[in-house]
Structures are given as structure tokens and as C-alpha cells.
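In case you want the letters, here they are:
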Amino acid sequence: MSIEDEIRTLRQIPMFRDMEVSKLKLMAFAGQRITYRKDEVLFDQGAASDAVYIVLEGEVDVVRSGGAGDVLLARLGETELIGEMGVLCDKPRTARIVAHTDVQALRIDKMTFNHIVQQVPQLAMAIIRELSERLENVNERLAARGK
Amino acid sequence: MEQSVFRFVWKHSRREQIAILLLILLSLPFYWASLEIPKRIVNEALQGHAFQGGQETVPASAISRWLPDAAAGIRLDQLQFLFVLSGIYLFLVLVNGAFKYAINVKKGILGERMLRRLRYELVGQFLRFRPEEVRSVKPAEVASMVKDEVEPIGGFIGDAFIQPAFLGTQALTALIFIVYQNVWLGLLALLIVLVQSIVIPILRREQVRLGRERQIASRKFAGRIGEIVEGAPAILTHGTVPYSQAEVGNRLSRLFTIRADLFRRKFAVKFLSNLLSQITPFLFFSVGGYFALTGRLDLGQLVAVIAAYRDLPPPIKELIDWDQQKADVTVKYQQIMAQFGEERFAREGQPPDQAAAIAAPIRIEGLQVSDRLGTTLLEAVTTLIQRPSHIALVGPPGSGRSAFARALGRQITGYKGVIRIGDSKLAEMPGVAAGRLLAFTGADPCLFQGSIRDNIVFSLHRCVPSRDPAAADSKEERTFLEEAALSGNLVIAPGDDWIDYAAAGVSGPDELDLRIISVVETVRLQDDVYRLGLLGRLDDGASEAMRQSLVAARRSMAERLRSGDLERYVEPFHPAHYNANATIGENLVFGALLNGDPGEASLAADAQYRAVLADAGLLEPLLGIGRKIAETTIEMFDGVPAGDPLFERYSFIGSEAMDTYKRTLASIPGAAGVQELDADDQARLIGLALGYIEPRHRFRLVDDPLRLRIVAARSRIRDSFGGARDGAIEFYDPDRYMPSASIRDNLLFGRLAFDLPDAEGKVWQLMREVLDASGLEQAVHAIGLGYDVGPAGKQLDQRQRSAIDLARCLIKCPDVLVMDGLLSAYDPAEGREVLAAVRCAMHGRTLVASLPDGFETTGFDQVLTFQGPRVKVER
């Protein structure tokens, strides 16, 4: 997989859709493509949020540990962006990410990601849009519970 | 320091000045004689006045009546008489030259010695400034004053008393000689001298004023240039290069105007001076000639007068120059002294007595701190800090906690109220005593160029070595020490040991590194030091056993990688395989360059290297790869401002070279392609290709046939460089220690995989274990501590710089440690660890920590909570 393939994957992520190709290319280039074996951990719950990950190939499990043991929250596949909230809000990881299959992921470290967000207004707008949508979803769910 | 340059010179150099003056007096009879002899040559030898009365010969006593009897009786004919007189003249010329040489050398050395003293004292004066004054000066302005502005003062110092004495006596001798020959000609010469010495200084007053303006403008210009250099990243970030350059242009314009005026004035004065000195011979020829023709002056006297006058204008001119220089230098000296005035000094009281320094509480009474604009930063705090105790200062950023900490750390001394330790006022405590008692570390640490070790032990440099020049080991050393004493500098040699080992709690230099490492662990810098050590090389003095240990550790490392299922994280070097995680350049060279890594660009610029690539059929593919990299880099970084960190971290091409590469790409001719480019452009593109790593950069530019060709080219490079260049490359050999490769490369003998998760982290721990088991841990630490931090520590990140500053404070075991804003450099979790470790290290001593939000204050003996400039709560 070359950087051109990675850019094609990035373009499919809603947050990056409106970005110029050159900036997308820069983001991919600044990232590190990493191959994980099945069951390898991308990051742990509670760890410092030091990077965002984009799944290029394969699937990962989002697992949360608590009093009741490990709970599988979701299984994410190709084109999924992971860990961006922790990076943007400077909060520790809220879940553990484990490779469900062999996985190829693009890792973009925090400094680079934040820097590109500052450089690219379209990306900042897309993040605002994404966060607003998530907030709206939460509100709707809360409202539905209240009924 | 003395406020008058003459007092300064007389105070520190009167003995030497008097010695040189005596030498000048000693030279005068010879000078007089050298004026007298030409007259005698003309009158007595050439015109034959000595041979009056038809004598064929005269006794030698006719030359001088002081000749010894044996010589006086020798008879000389006219030709012999001429040669003897000419020989005496030549001898006197040589003697006068020797006197001049000796006087000038002594004068020059005296000037240099005084310049050295002046600079030394100025730096000493600056280091006595109050902290607020230190912050208000521009470094480049101080540097300009100490280095450049005192230079002419130094030049003048050697001349201050000697020049007027030397030139004055010389001119006076010549003048008296002329008067002695003929009163009228003497008066004529005197008149011209008077005109010169009255009119020219008047004309030069304006020149002095302009010189002073030039000095101030130049100093400000140097200060501004310093600011531009320091602030270059901000200028580049905001794209304000034209503005900044234009501002420099304005200053240069002002300087130009002053300098142009100076030149006009200078050459006008020179014109007048030349005119006067050249008009005099005209008068001598005409008036003197008239006297000679009318028999009132003989020809010899006229020749002597003209010869004497030839010697008169230069001393007079130089005396006038000296007078101007005196005016100029006096102003310069006064101006510099004004900048280093005592009113800027910190007040110094008595040092605290030892017992009080150790145990007395810190009393803060009505402490109030304001900034330069009068804004209150801290409002009337009165409190008592018991010792030993640990005190936390908390409050939002911008509250009084930082001002409180800085006042306690002696970073601010111009406050109202008082801080006392025992009976001593903290602000007035002598610097050396305060340096022993307390340490301060803030958010803006100051590192010096040098190793990490040098920076950490900097705080221990307080045992002033004492040296006796008489006990020096060599003549050079003795001269060095004697000169230091003569210039009022400390009498020490460069390699002298200043370290206060007792303060660090060790018995000598052998234990120091261990102590440094323990402090480095407290500030959580040990992994950084170890990593830097791994990237360094064993020095040339490393023992063979140590080298062999490293080769053995390499085998052990390979074994541990295998057994720990970590083999895939390191791709080993193999002579017959392409290493995908190494650059193309590394794969071609397949070894370490003995003279250090010249970088891809230098290798590519080497015509011989490119010729080898061409022979191996690699030139075209590498040019193609370079072209693709250049195109993609230019596309990606288009619009990214110069100086942006992304450039530093990721770009193949520096922001400053972007335009050059754009031109290179634009000059590629259509169909013929990159091979038609000139050598420089080709070297640029090949340089990019040599730095390419497929798994890292992922442009899919290296395929299997190319890998094979690169591996095949290794032998050509070996033959070419290993033979013709006498082994410039040390090729990788799994069984040999590689002196020019880093410890990490020696140990791993391969490259970490770019595409595997946390390869460095996983292998790192293993590397540490293997090195520690091989007994190389200390060597790695020592190399890491020897890492050069760069100017002002710029080779390190903010966290590392802050950690070194904290380590520097801890190593001297201060009785009181004040921390302000330093922990912000760490991430919160690590910051908490560091605080706990520092508290542990400061157990039984006093710690005052200004804490960022989110830090626990449990366990502190006292907590001061600030809100705005006030202390809100005291627990």
C-alpha cells in the first residue's frame, strides 16, 4: 500500500472529505503506517492520548474495562478514525483498542494532528460539525430515555 | 570602576607607563645625534670644512672628542671621513628603529593587557546587575560594548601617557634642533605647528560628535540584529521578512548618513593637515635658501633643518590624532561606564552566618511586587516560612504566586518590604553566599552551549582554584598565569577544577557521574540521557575490552530478540540483502563513514560518488526518485509557512531551499529528462533519493530490481572509496566493532522497523538490559551526559531543558529550593512524579514550589493560595 492508497482511504472519512489533496497527502506523509498482528493493542484505556489512528485494513475492537470486566463496545473497520477525541480534548484514552484481525493503521501523532487542524480551516470546521452531530445524537438519546 | 579613562589607566599601569617613559628619555640623545650627523656629513665631509688649510687627513677625534685615545689618533682622509660619518648615521638609524620597536611593542602589550582588564571588569560589572536590570538589557548591545566599543579604548590605553610623551619629546627635540640651527626657521616651523594644533582640533570637534553618534547608532543596530536573529522564527512564521528587513534598512540609512558626514569631515581635516605640512618645505626651501645664499646659514644646516622638519609633522599630526582620540575615547569610556553604572548593581550586604543560613526561618514582611509599569503583581504579603519545610504556592496563572516565588528565588529584588533569613536581607545577600544557600528554577531555563554534564555541574563551579605562577609546570603555563595576574584576571589555568565536590556530596571527580545520574533520575531525564548515549559513539580512548563487550552484546541482543519474539522489530544488516528500513544512501554505502556522516547532500555532490552510481546504472533511477520526491514535497508543503515545525520534522527539503528545488524541476528539459540537468541539479535530486526509506515515506519508489542493483553496487562503492580514499568507509561486519557507528548501531547491527508498533519502545528496554548486563551502562550514561545541548540548549526540547535546570539546582544540595513554573514543562503525570522525587530529594531542607493547576498539595507543611495579587488562604 502506497501513500496514494492511504490518501484514497482518508478521503472516505467524512472529517477529511473537504480537505485539499495536498494537505491530505501531508497528513498521510507525516503519519506512520503500522502493521498490527491480531490481538495486538493499539492503545490502552487510561493511557495518554498521544496520537490518532486511521484503520487502513482489517478490524479493531473497542474494549472498555470496568467493574464488570471487559466490555466490547464496538468493532471498527477500514476508514474508521480512532482516538481523535482524546487528542483534541487532551484527555486520557477512554477505551482499549485491540486488533481483531491483522490490521494496517495510519498513526498520526498528537502534535502533528493538532498542527494540521490549526493549518487547515476545512478540517477544523469538519471537526466542529462532527462534534455537534455527536452531541445532538447524545441529546436525542437522552431525550428518548426521558420520554 | 574608575569613571575617567586616565585614572583607570594610571591606577592599573603606572609602573609600566613610567618604565616606557624612561625608555623614551633614553632614546632622545640618539635621536638628537641622528639629526646632527647629516649636517656634519654635508658640511664637514662633503664640503670639506673638516679639512680646512689643505690637510689631506684629519684625526678620528674630529668625529667625536669622546673617542678613546687609541682610536682618536687614527687619521682619516676625506672619503674615509665620509664613510665613518655615514656609518655612524646608519648605526643611529638602527638604534632609533630599535628604540621605536621596543617602545611600540611594550606599548602594544600594555594596551592589550589593559583592554583585557577592561573587558574582564566590564563582564564582572554586568554580573553584579540587579536581576531586573539584567532582563532589561539587550544581549547583543552588551556584547557590542564589551567586544567592539572597548577595542579603540584598548588601543588608546597603550598610548594614553606614552604617546604624548614620545611624540611630544620627539617633536620638541626636532623643533629645538631647528631653532638651534636658525632661529627664524625655528619660529617659522613653530608657527606652522601652532596653526596645525589649534585649527585642526577645532575642525575635529564635529568629527568627535559624529563619532559618538555612530557609536550609539551602531550599538543599537547590533542590538536589533541580535533581536532579529533570536526572533527569526517569529518573523518567518508571520511572513514579515520585508518589514523586518526594511526596518534594518532604515537603521542602516541612519548609520550611512552619519558615516558619510564623518568621511566628509575627516578628509577635509586631512586635506588641511597635508596642505600645512607640505607648504612648510616650500617656506624652508625659499626662506632657508635665501639665508644660505646670503651666508646666514650654511648648506649643512639647511639640509639638517629640512631633515629635522621631515620628522616634525608626523609627530605633530599624531599628537593631534592622539588629542582627538583622547576626546573620542573619553566620551566612549564615559558612555560605557554609564551603561555599567553602580546604580544598576544589586545591593550587597553581609553574608549570613553559617548557623542562620542553615536553620533560620525565612521572614517575609510586607512583600509587595510591582512590574515596571507599576502594576501590582503581589500585594503586601507577610508570612513566616519555617525551615526546613515544604511550601506549596497555588493559584491561577497570572496570580501572585509566581511573583512570590521569584522574589524568594532572588529573581526580583526591586520590591517593597523585606525578606530576611536570620538577620540577612535576602535581596542584599552576596551572590556567592546566596548561591550556596538557595537555588531557583523557573519556566525559562538558561542553558549554555556544552554538554549536559557541563550544564548540570555548572552550579558547582564555585571552588576558586588558586595558582602560583612560580609553581607552573611549563614556560607557557607560567606566561599564561603571569599575564592573567598582570591584567587583574583571576590567576587560573583553563583546565583548573572549579567543582565543589563536597557540595555535591561526593569525594571527588570519580564519583561525580554517579551523583549526576542520581540527580538526572530525580528529574526524570535518565531515559533521555540513555537514549542520547546510545546515539553517541564510544570515544577513541575506549578500551579494547569495552569494544569487545559491545560486539558480544550485539550477539546477545540478537539472541534476546529471537527468544523474545522481537526479531521482526529489527532488520539486520546483511551484505547480500537490501535493508528496507535504512535509507537508499545507507544501503549503498553499507557501512559507517570514518570521518562522520557527511549527509546525503554532500555524498551526492561528490563527483566520484556519482560516477560510481552511473557505472552501476543507478544514476537514472535515483534521479527519477529524487524528482518524484521533490515534486511531492513541493506539493505537500505548498502554503506551509517557513519555520513551521512540520517542515523541520517531515520535509525532505528545508523551507529555505524550496525555491531552488522548484527551479531545478522547472529546468528539466522535456523528453530528455533529468539526465540533461547540470551536475548541481543532479546532485540535489540524488541527495533527496539517498535519504529515501520505503516503509517510512511510502511513495512506492523502490522495487525489487532496484534493490538488487543497489546491493550489487555496494562492491563498486567499496572498491572506489575503500581503495582510492584509503578506507573512508568502514563496512558493516557482524563480528567487528565499528568505531564510527553509534552504540545503538553497534548493538542492533540493523535498523528498527518503521511499520511495526512501538518498535523503539519494545527494543529499547531490551537494549538497556543487554548493555547493563555487559557492564556498559556507565559508558552509555557518560556518553549521554557528554551530549552537546547546542546554543542555549536548542538541541533539546523544553522538558529536557527544564529537567537539566532542575538537576543543576538539586546537585548542589541547596538549603532552599524555589521552583516556579518548571513543572509545566512536563506532562501532568510525569510532573507529579518529578515533584514527589524532588520532595524526597529535598527531605530535611526547604522547598518552595509554585504549582500549576491540578497538583496535589497534600503533605506540604504550608500552602499559600493566591488569588490575583493577594494571598487568599494560608494553611
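To start, this report covers the structure provided alongside it. Being a predicted model, the structure only gives us computed values, none of them experimental.

Quick word on the interface of chain A and chain B
At step 1: Of the residues lining the interface, 28 residues belong to chain A; the matching set on chain B comes to 26 residues.
At step 2: Summed over both sides, the interface between chain A and chain B buries roughly 2,400 Å², with carbon and sulfur atoms accounting for 52% of that surface.
At step 3: The three residues of chain A that bury the most area against chain B are L26, F29 and R37 of chain A, which together make up 27% of that side's buried surface.
At step 4: Taken together, the connections running from chain A to chain B amount to 6 salt bridges.
At step 5: In this structure, R37 of chain A engages D565 of chain B in a salt bridge whose closest nitrogen and oxygen atoms are separated by 3.8 Å.
At step 6: Summed over the shared surface of chain A and chain B, the result is 15 residue pairs in polar contact (both at pLDDT 80 or more).

Points about empty space enclosed by the protein
All names here are of chain B.
At step 1: Summed over the entire model, instances satisfying the criterion amount to 1 cavity of 30 Å³ or more.
At step 2: Quantified by volume, the largest cavity comes out at close to 40 Å³.
At step 3: The wall of the largest cavity is formed by R130, A346, R347, T413 and A427.
At step 4: A per-class count over the lining of the largest cavity returns 2 nonpolar, 1 polar and 2 charged.

Brief notes about the sheet that holds strand β16 (residues 870–874) of chain B
All names here are of chain B.
At step 1: Ordered in space as β8-β13-β14-β5-β15-β16, the 6 strands form an open sheet in which the pairing is mixed. Strands with a single pairing partner mark the edges of an open sheet, and in this sheet they are β8 (438–441) and β16. With direction set aside, neighbouring strand axes in the sheet form an average angle of 15 degrees.
At step 2: Taken together, the 4 bridges between strand β5 (residues 390–394) and strand β15 (residues 862–867) define a ladder with parallel strand orientation. Bridge pairing links L393 to L864 in β15.
At step 3: Strand contacts of helix α33 (residues 798–811): β8 and β13 (816–820), with the helix running at about 175 degrees to β8, the strand carrying the most contacts.

A few points about the pairing of β13 of chain B
All names here are of chain B.
At step 1: Across the 5 residues of β13, 5 count as buried, placing the element largely inside the fold.
At step 2: The side-chain alternation of β13 yields two buried faces, one formed by V816, V818 and D820 and the other by L817 and M819.
At step 3: Tracing the backbone out of β13, into helix α34 (residues 828–841) and back to the parallel element strand β14 (residues 846–850) gives a crossover that is right-handed.

Calculation notes
Residues numbered from 1 in each chain as written. Chains lettered and ligands numbered in written order. Predicted model: local features only at pLDDT ≥ 70, side-chain atom pairs only at ≥ 80, totals over all residues. Heavy atoms only, no water. Contact = heavy atoms within 4.5 Å. Buried area = accessible area lost by both parts, 1.4 Å probe. Salt bridge = Lys/Arg side-chain N within 4 Å of Asp/Glu carboxyl O. Polar contact = N/O pair within 3.5 Å; in protein donor to acceptor, adjacent residues only side chain to side chain. 1 Å grid on protein atoms, 1.4 Å probe; cavity = no way out; pocket = protein on both sides within 12 Å on 5 of 7 lines; lining within 4 Å. Points joined across faces, edges and corners; volume = space filled by probe spheres on them. Nonpolar A, V, L, I, M, F, W, Y, C, P; charged D, E, K, R; others polar. Pairing = 2+ DSSP bridges. Helix = DSSP H or I, 4+ residues; strand = E, 2+ residues; numbered from the N terminus. Axes fitted to C-alpha atoms, helices over the stretch in contact; angles between N-to-C directions. Buried < 20%, exposed > 50% of the residue type's maximum accessible area, 1.4 Å probe, protein only. Right-handed = clockwise from strand over helix to strand, strands pointing away.

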